[in-house]
Amino acid sequence: QTKAAQLRLLRYQLNPHFLFNTLNSLSALITTGRGEDANDMLLKLSTFLRFALERDDMSLITLREELMAIELYLDIEKVRFSDRLAVEITVAPDAYRCNVPSLLLQPIVENAIKYGVSPQEEGAEIAIVAQVVGPRLRVTVSDTGPGMTMNNIEAGLPAVRPTHARRDSTGVGLANIRDRLAQAYGEEHRFEIRSPESGGFSVLVELP
């Protein structure tokens, strides 16, 4: 019961932040007379929230189901960013059936949008790549935005190179994922963040 409560808390920690951004975007669409876009965004938000609420926190879902939810989330964000947000999803056929905790990838994608796409006038591209490597599922989420820095003591994550665009990040979203994985898999997982000198940022997750 304790483990279930911890997982539930970690899973829902970021929902108010996501809802705040989405509702602000809906308000802006309505104010500027884009009623059809607002209605489309609201329908996608409703579907996304239904997906989240219908899943049990202790159960696993297939990567195919997880990516369907992520695509809904990305469709909502594309209303905000239009052609500034480009997405490429590449999944090996045998990876679709692998099991993952529900909404595991959403905070990672949200992090890429907030710190990769949003700060740049030209936007950025987000790439999601999934493949089976031996007995593990490997998923990488990367963006072409600036690199990232964070308070590593609070976030408990490796040091990465400093850039002005991400200096205000507290690392809450990524630390949330790290904690969920630790609760669910113990040592039987891999979680890495990378921010090369050439720019960009990526998160790698490996699960049994």
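Residues numbered from 1 in each chain as written. Predicted model: local features only at pLDDT ≥ 70, side-chain atom pairs only at ≥ 80, totals over all residues. Heavy atoms only, no water.

Chemist: Looking at this model, I keep getting lost on the sheet that holds strand β5 (residues 136-143). Mind explaining?
Modeler: Pairing between the strands of a sheet comes from backbone hydrogen bonds, and it takes one of two forms, parallel or antiparallel. Spatially, β2-β4-β5-β7-β6 is the arrangement adopted by the five strands of the open sheet, whose pairing is mixed. Sheet topology places β2 (85-91) and β6 (190-194) at the edges, where each strand pairs with a single neighbour. Within the sheet, the average angular offset between the axes of one strand and its neighbour, ignoring direction, is 10 degrees. Direction of pairing for β5 relative to strand β7 (residues 201-207): antiparallel, over a ladder of seven bridges. Counted as the bridge partner of Asp 143 is Phe 201 from β7. Sheet strands touched by helix α4 (residues 63-81): β2, β4 (124-133) and β5. Its angle to β2, the strand with the most contacts, is close to 170 degrees. Across the face of the sheet, helix α5 (residues 106-117) comes into contact with β2, β4, β5 and β7 while running at roughly 150 degrees to β4. (Pairing = 2+ DSSP bridges. Helix = DSSP H or I, 4+ residues; strand = E, 2+ residues; numbered from the N terminus. Axes fitted to C-alpha atoms, helices over the stretch in contact; angles between N-to-C directions. Contact = heavy atoms within 4.5 Å.)

Chemist: Sorry, what's going on with the packing of α4 against α5 here?
Modeler: Each pair of packed helices gets described by two things: the angle between the helix axes and the distance between those axes. Where α4 contacts α5, the two axes come as close as 10 Å, and the packing angle between them is 25 degrees. Between α4 and α5, the crossing angle belongs to the class labelled roughly parallel. Crossing hand, α4 versus α5: right-handed. Residues Glu 66, Ile 70, Tyr 73, Leu 74, Glu 77 and Phe 81 of α4 form the contact with α5, whose participating residues are Gln 106, Val 109, Glu 110, Ile 113 and Val 117. Within the contact of α4 with α5, the residues separate by chemical class into seven nonpolar, one polar and three charged. (Parallel < 35°, antiparallel > 145°, perpendicular 65-115°, else oblique. Left-handed = near helix turned anticlockwise from the far one by under 90°. Nonpolar A, V, L, I, M, F, W, Y, C, P; charged D, E, K, R; others polar.)

Chemist: Explanation requested: the packing of aromatic side chains in the structure shown.
Modeler: Two descriptors summarise a pair of aromatic rings, namely the distance from one centre to the other and the angle between the planes of the rings. With the rule as written, the count across this model stands at one aromatic pair. Measuring from ring centre to ring centre gives 6.0 Å for Phe 48 and Tyr 73, while their planes differ by 40 degrees; the resulting arrangement is tilted. Pair noted here: Phe 48 is in helix α3 (residues 35-54) and Tyr 73 is in helix α4, with a separation of 25 residues, a long-range link. Side by side, Phe 48 and Tyr 73 carry an identical accessibility label, which is buried. Of note, Arg 64 hangs over the ring of Tyr 96, and the distance from its end group to the ring centre comes to 4.2 Å. (Phe/Tyr/Trp six-rings, centres within 6.5 Å; stacked < 30°, edge-to-face > 60°. Buried < 20%, exposed > 50% of the residue type's maximum accessible area, 1.4 Å probe, protein only. Lys NZ or Arg CZ within 6 Å of the ring centre and 35° of its normal.)

Chemist: I would appreciate a short explanation of the side chain of Glu 77 in the present structure.
Modeler: Its location among the elements puts Glu 77 in helix α4. Its relative accessible area of 3% is what places Glu 77 among the buried residues. Apart from the residues lying within four places of it in its own chain, the contact partners of Glu 77 are Leu 85 and Ile 113.

Chemist: Honestly, the side chain of Glu 206 in this entry has me stumped. Any pointers?
Modeler: Relative to the helices and strands, Glu 206 is located in strand β7. Side chain to side chain, Glu 206 and Arg 138 meet in a polar contact 2.6 Å long. Those residues within four positions of Glu 206 in sequence are excluded, and the remaining contacts are Arg 136, Leu 137, Arg 138, His 189 and Arg 190. (Polar contact = N/O pair within 3.5 Å; in protein donor to acceptor, adjacent residues only side chain to side chain.)

Chemist: Even after reading the chapter, I still don't get the confidence of the model for the protein, so can you show me in this structure?
Modeler: Detailed reading of predicted coordinates is not advised where the pLDDT is low. Within the protein, residue pLDDT values average 81, and 78% of them lie at 70 or more. Across residues 150-170, where pLDDT falls below 50, the model places 56 contacts with residues more than four positions away in sequence or in other chains. (pLDDT = per-residue confidence, 0-100.)

Chemist: Can you help me understand the pattern of salt bridges in this one?
Modeler: Opposite charge on two side chains allows them to pair when their charged atoms are near. Under the definition given, this model contains nine salt bridges. Arg 138 is paired through a salt bridge with Glu 206; the nearest N and O atoms lie 2.6 Å apart. Of this pair, Arg 138 sits in strand β5 while Glu 206 sits in strand β7; the two residues are 68 residues apart in sequence, bridging distant segments of the chain. Between Glu 192 and Arg 194 there is a salt bridge, and its shortest N-O distance comes to 2.9 Å. The partly exposed category is assigned to Glu 192, whose relative accessible area is 27%. By relative accessible area, Arg 194 is classed as partly exposed at 38%. A cluster of three or more residues bridged by salt bridges with shared partners is formed by Arg 136, Arg 138, Glu 188, Arg 190, Glu 192, Arg 194 and Glu 206. (Salt bridge = Lys/Arg side-chain N within 4 Å of Asp/Glu carboxyl O.)

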